[in-house]
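# Fold and geometry: a report
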Amino acid sequence: MKDKRYRSIIKTISWRVTGTIDTFLVSWLVTGRLGLAASISMVEVFTKLLLYYLHERLWNRIKIGQEKIEPDYQI
């Protein structure tokens, strides 16, 4: 089974929202400064969007752990 590109984009965005919230909270807890935490989160959101998308597309080409699903019937 092969994912379409738009599925990878949707997964990238949903994962990045989760990751950015985590980065913001960890940065805030470590620094104690909301502004600095927001700055860190805004920088990493763009770099990690690209990295995740490229990672996802690369793994779509690797066949490890993938099975082709055959239909139970033939026409």
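Rules used throughout
- Residues numbered from 1 in each chain as written.
- Predicted model: local features only at pLDDT ≥ 70, side-chain atom pairs only at ≥ 80, totals over all residues.
- Heavy atoms only, no water.
- Helix = DSSP H or I, 4+ residues; strand = E, 2+ residues; numbered from the N terminus.
- Expected span 1.5 Å × (residues − 1).
- Buried < 20%, exposed > 50% of the residue type's maximum accessible area, 1.4 Å probe, protein only.
- Contact = heavy atoms within 4.5 Å.
- Axes fitted to C-alpha atoms, helices over the stretch in contact; angles between N-to-C directions.
- Parallel < 35°, antiparallel > 145°, perpendicular 65-115°, else oblique.
- Left-handed = near helix turned anticlockwise from the far one by under 90°.

## Quick look at helix H1 (residues 5-31)
Relative to the 39 Å expected for 27 residues at 1.5 Å per residue, H1 spans 37 Å between its end C-alpha atoms, a close match to the ideal helical length. Among the residues of H1, Ser8, Thr12, Arg16, Gly19, Thr20, Thr23 and Ser27 are the ones counted as buried. Check the buried side of H1 and you find it contacts helix H2 (34-61). Phi for Gly32, located one or two positions after H1, is positive at around 75°.

## A short note on the packing of H1 against H2
For the pair H1 and H2, the least separation of the axes is 8 Å and the interaxial angle reads 150°. Considering their axes alone, H1 and H2 lie roughly antiparallel with respect to each other. Crossing of H1 over H2 shows right-handed handedness.

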